[in-house]
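Geometric and topological summary
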Amino acid sequence: MKIKLLAIGKTDDKNLMQLISMYQKRLQHYIKFELEIIPDIKNVKNLSEAQQKEKEGELILSKIQNTDQLILLDDKGKQYTSIEFSSFLQKKMNSGIKQLVLVIGGPYGFSDTVYKKANGKLSLSKMTFSHQMIRLFIVEQIYRGFTILKNEPYHHE
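Residues numbered from 1 in each chain as written. Predicted model: local features only at pLDDT ≥ 70, side-chain atom pairs only at ≥ 80, totals over all residues. Heavy atoms only, no water.

Following the criterion strictly, the structure yields five salt bridges and no others. Among the ionic pairs, K2 bridges to E34, the shortest N-O distance being 2.8 Å. Taken together, the residues K2 in strand β1 (residues 2-8) and E34 in strand β2 (residues 32-38) connect sequence positions 32 residues apart. Residue E34 is classed as partly exposed on the basis of its relative accessible area of 26%. Across the pair E36 and K63 runs a salt bridge, and its minimum N-O distance is 3.0 Å. Pair noted here: E36 is in strand β2 and K63 is in the loop between α2 (49-62) and β3 (69-78), with a separation of 27 residues, a long-range link. Judged by relative accessible area, K63 falls into the partly exposed class, the value being 30%. (Salt bridge = Lys/Arg side-chain N within 4 Å of Asp/Glu carboxyl O. Helix = DSSP H or I, 4+ residues; strand = E, 2+ residues; numbered from the N terminus. Buried < 20%, exposed > 50% of the residue type's maximum accessible area, 1.4 Å probe, protein only.)

Below, the structure is given as structure tokens:
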């Protein structure tokens, strides 16, 4: 299985980019992982919230294959402990899917079309975080999940 993280808009904070890159490198020991950035939509001032979500949705769906499992990072999604999330990853690997795609949407969330295509929703917290911080948090949690599955000493409980 491969894991792809799709995110709308680039990260302009060099410190965040370094941390994300560090966890991406660590993940290479466990699984094929790719972070793909979908560029911000131009001229959003001329678009309504719904139009912006629709345009972002089209870009997201253009990056998805029919065989992919699509999980949206959404504040209304299911919350897991780190151990539960590691079990979630193991179940996905055992299911035989080729690619698990996790998506971080734009500032207004996802279009109805993207919600309909999704296989599930995942929430990292009841709190709201910046889209840039979420990238770091989910990459770290994927790494943590694999260290739990391998019984490595990274996670303490």
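Next, the rest of the story.
Most of β1 sits inside the fold, with six of its seven residues counted as buried. Note on the crossover from β1 through helix α1 (residues 14-27) to β2: the handedness is right-handed. (Right-handed = clockwise from strand over helix to strand, strands pointing away.)

So, about α2. Taking 1.5 Å per residue, 14 residues should reach 20 Å; α2 reaches 20 Å between its end C-alpha atoms and fits that length. Taken together, the buried positions of α2 are Q52, E56, G57 and I60. The arc that holds the buried residues of α2, viewed along the axis, is 135°, so those residues lie on one side. More than 90 degrees from the buried face of α2, the exposed residues found are A50, E58 and S62. (Expected span 1.5 Å × (residues − 1). Arc of directions from axis to C-beta.)

In this section: the packing of α1 against helix α5 (residues 131-149). The contact between α1 and α5 brings their axes to 9 Å, and the two run at 25°. Compared by their axis directions, α1 and α5 come out roughly parallel. Crossing geometry of α1 relative to α5 is assigned as left-handed. Across the interface between the two elements, L16, L19, I20, Y23, Q24, R26 and L27 from α1 touch Q132, M133, R135, L136, V139, E140, I142, Y143 and F146 from α5. Considering only residue class, the contact of α1 with α5 consists of eleven nonpolar, two polar and three charged. (Axes fitted to C-alpha atoms, helices over the stretch in contact; angles between N-to-C directions. Parallel < 35°, antiparallel > 145°, perpendicular 65-115°, else oblique. Left-handed = near helix turned anticlockwise from the far one by under 90°. Contact = heavy atoms within 4.5 Å. Nonpolar A, V, L, I, M, F, W, Y, C, P; charged D, E, K, R; others polar.)

Across soluble globular proteins, nonpolar side chains show a tendency to be buried alongside one another. Judged by nonpolar contacts, the single largest core of 26 residues is most densely connected at I3, L102, I138 and I142. For this core, the secondary-structure elements that each account for two or more residues are β1, α1, β3, α3 (82-94), β4 (99-104) and α5. Sorting elements by how many residues they give to this core places α5 first, with seven residues. Sequence-distant contacts of L102, defined by excluding residues within four places in its chain, comprise I3, K4, L5, L6, I71, L73, I138 and I142. Within the second largest apolar cluster, twelve residues are counted, among which are I38, I60, I64 and V103. (Core = buried A, V, L, I, M, F, W, Y, C linked by side-chain atoms within 4.5 Å.)

Another point: the packing of aromatic side chains. This model, assessed by the stated rule, comprises nine aromatic pairs. On the basis of an interplanar angle of 80° and a centroid distance of 5.1 Å, the ring pair of F129 and F137 is categorised as edge-to-face. Assessed through its relative accessible area of 27%, F137 is described here as partly exposed. Here the aromatic rings of Y143 and Y154 are separated by 4.8 Å at their centres, their planes lie at 75°, and the arrangement is edge-to-face. In this pair, Y143 sits in helix α5 while Y154 sits in the segment after α5, placing the two residues eleven residues apart along the sequence. The exposure class of Y143 is buried, given its relative accessible area of 10%. An aromatic cluster is present here, built from Y23, Y30, Y143, F146 and Y154 joined pairwise through their rings. (Phe/Tyr/Trp six-rings, centres within 6.5 Å; stacked < 30°, edge-to-face > 60°.)

Just distances and angles here, no functional claims.
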